[in-house]
Amino acid sequence: MGSITLKQVTKNFDEVNVIKPLDLEIKDGEFIVFVGPSGCGKSTLLRMIAGLEDTTSGNIEIDGIDATKTPPAKRGLAMVFQSYALYPHMTVRNNIAFPLKRAKVSPAEIESKIANAAKILNLTDYLDRKPGQLSGGQRQRVAIGRAIVRQPSAFLFDEPLSNLDASLRVNMRLEISELHKSLVTTMIYVTHDQVEAMTMADRIAVFNAGIIEQVGTPLELYKNPVNKFVAGFIGSPKMNFIDAPQNEDANVSCIGIRPEHITLSTEQGTWAGTVGVIEHLGSESFLHINIEGKGTVTVKADGDCPLKYGDSIYLSAPADKVLKFDNNGLTIR
Amino acid sequence: MTIKDSRRSKLIYTIAAWTISGMIFFPILWTLITSFKTEAEAISASPSLYAFDWTLENYRDVLSRSPYFNHFWNSVVISLGSSLLGLLIAVPAAWSMAFVQTKKTKHLLMWMLSTKMLPPVGVLIPIYLLFRDFALLDTKLGLVIVMTLINLPIMVWMLYTYFREIPNEILEASRMDGATIGEEIFHVLLPIALPGIASTLLLNVILSWNEAFWTLILTAANAAPLTAFIASYSSPEGLFYAKLSAASAMAIVPILILGWFSQKQLVRGLSFGAVK
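The name recorded for chain B in an unreviewed UniProt entry is Mannitol ABC transporter permease, from Pseudoalteromonas fuliginea. The record in UniProt for chain B states the following under Sequence similarities (unreviewed entry): "Belongs to the binding-protein-dependent transport system permease family. MalFG subfamily." Regarding chain B, the UniProt comment filed under Subcellular location (unreviewed entry) reads as follows: "Cell membrane".

Structure below.
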């Protein structure tokens, strides 16, 4: 079991209110990702769930039991840190064995659990090495190994891939997703990278300035963002926001169109623009097009797009793909 | 800067370093040389660095006149005892200051350091009276307590500086792994901070070994360490420079040897945190 319920949870650092009253229900076995810009409170909330930060008010329930005042060691949760937080003076074997020894598990059982975790994470050949002798990816796997041997009710990941290079990050992303599928244990994963959020999550909670703006599946957030913030944060490249055309309702302040929903034409369209910088990624190209009086918009095009810097072009988007936002930034349905 | 300039400045720095080191070491060298002279040569108007009749007479006299090994043992007990007791108090104190900081931690650290700025003579009378009333005068325990107290601020500061370099996440990870505070300190913090703890211990042993003010005031015969033993050669009958030098040499040689073997550790410990 690993359901976690947050009820009106808040957190203050001195006078600063970093988490505003917040409710969230995380189901057993779910992979939920907390995503948001730096300083939005997502890591603080994760640390509150872990018990590493006190909760100013409200309740945190783990499997229906109030754990707000329970120390971290007694919550039955395991955490993987951004900096790996391995014990540098211990071998990989001892790092993984550390939580088991604290739980007074028998030596024979410790050995079998280490062997099992090492097999799952491809660490068998490195068990007698110290963390300093491992690569970043291997260290992160050790940190995950240390977490899984405890068989926690939930895993907490605090930006675990931020210190890895891009290609390794993609591999580790897949490994963590596979681990979730095989363990079917609740995972709470904090990241500021919306690509990680979209690719890994069952559900995403989008944070902004200490509140959760929206919780939903990746596609729900992509297709039906509740406001301009979520619309802009989810999706890569980010959504284009253009001032509302004059023929729109008075309460529409701006419209949002995703780069992949804009079509280009050399003959006609809703807006006329000039092609600026083009980013060629091989399979696709991102064009930055300047629309007179509206600013620059990003357009996703084919990899072999023939346009070049300075070309004149027309842009348009199907009506059902255009989101409308009011003066408060809320999506108009 | 050209290679030539760089070589020249390196030469200048090397000469300056050797000159300063020589000036600092010269009194010790002079003491060692004098300890091998006769009393007459020691006070000669034209002293020589090497051209004299080398003798071990002073060492024989010193060893026969006073119980050197008793004083040596007292020095060992007092310096090691105070250092270990100090560590026992300083480690948890530095842990809480480094990892469980409050708004007042910085003030507390500054206040602790400020006690080192107080001239010891300022607290002489209350400490003497307390020692008298608790029957701690001329006891090794008494000196262990005093040495611990006077060096505690330095120990806490040094350990605090070391502990601050250890990522908090490692300790948090141990908490998540089910470690109690004691297990966190013993299994995680102390092994990682071992070089810092060794430096702190070493410095404290040296400071306690060399401390003379309190040892002269609070001891007579039973608990007198080597510093008091040297002072006993400044007698009412006059100064016996050669014997005093032999006594001094016998007092400083053990700590010089310790310092020589641990210099790398000491330098690292004292400069830790200064340059990242």
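Engineer: Could you give me a rundown of the overall build of chain A, with the residues and numbers involved?
Structural biologist: In terms of regular secondary structure, chain A is built from eight helices and 19 strands. Every one of the 333 residues in chain A was classed for burial, and the buried ones make up 38%.

Engineer: Would you mind going over the nonpolar core in detail, with residue names and values included?
Structural biologist: Core analysis: the largest hydrophobic core is formed by 111 residues, its most contacted members being Leu156, Ile188 and Val206 of chain A together with Ala94 and Leu159 of chain B. Looking at this core, the element that brings in the most residues is helix H7 (residues 140-164) of chain B, giving eight residues. Split by domain, the residues of this core number at least three in each of domain 1 (4-231) and domain 2 (238-332) of chain A. Dropping the residues within four chain positions of it, Leu156 of chain A is found in contact with Leu46, Ile49, Ala50, Leu77, Met79 and Ile188 of chain A. The next biggest cluster of nonpolar side chains, apart from the first, holds 25 residues, and it includes Leu218, Ala223, Leu226 and Ala251 of chain B.

Engineer: Before we move on, can you summarise the sheet that holds strand S1 (residues 4-13) of chain A with the specific residues and values?
Structural biologist: Residues and elements named next belong to chain A. Pairing is antiparallel in the open sheet, where four strands are placed in the order S2-S1-S4-S5. Edge strands, defined here as strands with exactly one partner in the open sheet, are strand S2 (16-26) and strand S5 (65-66). Inspection of the sheet shows S1 paired to strand S4 (residues 57-62) by five bridges, in the antiparallel sense. Bridge pairing links Leu6 to Ile60 in S4. Across the sheet, helix H1 (residues 42-50) is in contact with S1, S2 and S4; its angle to S1 comes to roughly 115°.

Engineer: Please give an account of helix H5 (residues 166-183) of chain A that cites residues and values.
Structural biologist: Residues and elements named next belong to chain A. With 18 residues, H5 should reach 26 Å at 1.5 Å per residue; the first-to-last C-alpha distance of 26 Å fits that figure. Among the residues of H5, Arg169, Arg173 and Ile176 are the ones counted as buried. In a view along the axis of H5, the buried residues occupy a sector of 70°, so they form one face of it. Along H5, the residues that are exposed and aim more than 90 degrees away from the buried face are Ser167, Asn171, Leu174, Glu178, Lys181 and Ser182.

Engineer: Pulling in residues and values, what's your account of the packing of helix H2 (residues 92-102) of chain A against helix H4 (residues 136-148) of chain A?
Structural biologist: Residues and elements named next belong to chain A. Packing of H2 against H4 leaves a shortest axis separation of 7 Å and a crossing angle of 30°. If you check the angle between H2 and H4, you find them roughly parallel. Of the two possible hands of crossing, H2 and H4 adopt the one that is right-handed. Taking contact as the criterion, the partners of Val92, Asn95, Ile96, Phe98 and Pro99 in H2 are, on H4, Val142, Gly145 and Arg146. Counted by class, the contact of H2 with H4 contains five nonpolar, two polar and one charged residues.

Engineer: For helix H13 (residues 241-261) of chain B, give the residues involved together with the corresponding values.
Structural biologist: Residues and elements named next belong to chain B. End to end, H13 covers 29 Å across 21 residues, agreeing with the expected 30 Å (1.5 Å per residue, within 8%). Approximately 35° is the largest bend angle found in H13, and it occurs at Ile252, with the proline Pro254 only one to four residues beyond. All of the buried residues along H13 are Ala242, Lys243, Leu244, Ser245, Ala246, Ala247, Ser248, Ala249, Met250 and Ala251.

Engineer: Give me the lowdown on the interface of chain B and chain A, citing residues and values where you can.
Structural biologist: Listed by partner, the interface residues are 14 residues for chain B and 17 residues for chain A. Elements with a contribution of two residues or more to the side of chain B that touches chain A: helix H8 (168-176) and helix H9 (181-192) of chain B. When residues of the side of chain B that touches chain A are assigned to their parent elements, the largest contribution, six residues, is made by H8 of chain B. Here the side of chain B that touches chain A is built from residues that sort into eight nonpolar, one polar and five charged.

Engineer: Describe the sheet that holds strand S11 (residues 240-243) of chain A, and please don't skip the residues or the numbers.
Structural biologist: Residue and element names in this part refer to chain A. Spatial ordering of the open sheet is given by S11-S12-S18-S19, a layout of four strands whose pairing is antiparallel. Because the sheet does not close on itself, it has two edges, and the strands there are S11 and strand S19 (331-332). Note: S11 against strand S12 (residues 254-257), four bridges, orientation antiparallel. Across the sheet, the residue bridging to Ile242 is Ile255, located in S12.

Engineer: Before we move on, could you go through the UniProt feature "transmembrane region" (unreviewed entry) in chain B and cite the residues and values that matter?
Structural biologist: Under the UniProt annotation, the feature "transmembrane region" (unreviewed entry) is placed at residues 12-33, 72-96, 108-131, 143-163, 184-207, 213-233 and 240-261 of chain B. Here residues 12-33 of chain B is 100% helix and 0% strand, with 30 Å between the C-alpha atoms at its ends.

Engineer: Please provide a residue-by-residue account of the environment of Ala272 of chain A, values included.
Structural biologist: Residues and elements named next belong to chain A. Locating Ala272 in the fold gives a position in strand S14 (residues 271-280). Once the C-alpha coordinates of Ala272 and Ala67 are considered, the two residues, 205 residues apart in sequence, prove to be 58 Å apart. When near neighbours in sequence (up to four residues on either side) are disregarded, Ala272 contacts Glu292, Ser312 and Tyr314.

Engineer: Tell me what's going on with the packing of H4 of chain A against H5 of chain A, and back it up with residues and numbers.
Structural biologist: All names here are of chain A. With their axes 11 Å apart at the nearest point, H4 and H5 run at an angle of 15° to one another. The angle between H4 and H5 places the two elements in the roughly parallel class. The interaxial crossing formed by H4 with H5 has right-handed handedness. Across the interface between the two elements, Gly136, Gly137, Gln140 and Ile148 from H4 touch Leu168, Met172 and Leu183 from H5.

Engineer: Account for the confidence of the model for chain B, with residues named and values stated.
Structural biologist: Residue-level pLDDT values for chain B average 87, and 95% of them are 70 or greater. Model confidence for the complex is summarised by a pTM of 0.80, with the ipTM given as 0.85.

Engineer: Now, about the domain arrangement of chain A: what can you tell me, with residues and values included?
Structural biologist: How large an interface is tends to be reported as the accessible area lost when its parts come together. Residues and elements named next belong to chain A. Considered domain by domain, chain A is made up of domain 1 (4-231) and domain 2 (238-332). One C-alpha centre belongs to domain 1, the other to domain 2, and the line joining them spans 37 Å. Across the boundary between the two partners, domain 1 contributes six residues, which contact eight residues of domain 2. Classifying every residue of the side of domain 1 that touches domain 2 gives four nonpolar, one polar and one charged.

Engineer: Any chance you could break down unusual backbone geometry for me, citing the residues and the numbers?
Structural biologist: All names here are of chain A. Of note, the bond from Ser236 into Pro237 is cis; its omega dihedral lies within 30 degrees of zero at -5°. Examined against the element boundaries, Pro237 turns out to sit in the loop between helix H8 (228-233) and S11. The residue Lys104 is not glycine, and still its phi comes out positive at about 60°. Mapped onto the elements, Lys104 comes out in the loop between H2 and helix H3 (107-120).

Cut-off values and rules
- Numbers given for residues are sequential positions, taken from 1 along each chain in its written order.
- To label them, take the chains in the order written and letter them from A, then take the ligands in the order written and number them from 1.
- Given that this is a predicted model, residues contribute local features only at a pLDDT of at least 70 and side-chain atom pairs are listed and counted only at 80 or more, while totals for whole chains, interfaces and linings are drawn from all residues.
- UniProt positions are given in the numbering used here, feature names are shortened, and annotations may be inferred rather than shown by experiment.
- Strands here mean DSSP runs of E at least two residues long; helices mean DSSP runs of H or I at least four residues long; both are numbered from the N terminus.
- Put plainly, a residue is buried at 20 or more neighbouring C-beta atoms within 10 Å of its own, exposed at 12 or fewer, and partly exposed in between, counting only other residues' C-beta atoms, which are placed from the backbone.
- Joined through C-beta atoms within 7 Å, a set of buried Ala, Val, Leu, Ile, Met, Phe, Trp, Tyr and Cys residues constitutes a nonpolar core.
- In this entry, domain limits derive from an automatic or database-based domain assignment.
- In this description, a residue-residue contact is defined by the distance between C-beta atoms placed from the backbone, which must lie within 7 Å.
- Strand pairing follows a simple DSSP-based rule, namely that at least 2 bridges must link the two strands.
- Lines fitted to the C-alpha atoms define the axes, with helices restricted to the stretch that makes contact. Angles between their N-to-C directions range from 0 to 180 degrees.
- Expected helix span is computed as 1.5 Å times (number of residues minus one).
- Picture the helix axis, draw a direction to every C-beta atom, and the arc is the one those directions span.
- If an angle is under 35 degrees, it is roughly parallel; if it is over 145, roughly antiparallel; if it lies from 65 to 115, roughly perpendicular; otherwise it is oblique.
- In this scheme the crossing of two helices becomes right-handed for a clockwise turn of the near helix relative to the far one and left-handed for an anticlockwise turn of less than a right angle.
- Classification convention: Asp, Glu, Lys, Arg as charged; Ala, Val, Leu, Ile, Met, Phe, Trp, Tyr, Cys, Pro as nonpolar; all other residues, Gly among them, as polar.
- A residue's bend is the angle separating two fitted axes: one through the seven residues that end there, the other through the seven that start there.
- A residue's pLDDT is simply how confident the predictor is in it, with values from 0 to 100.

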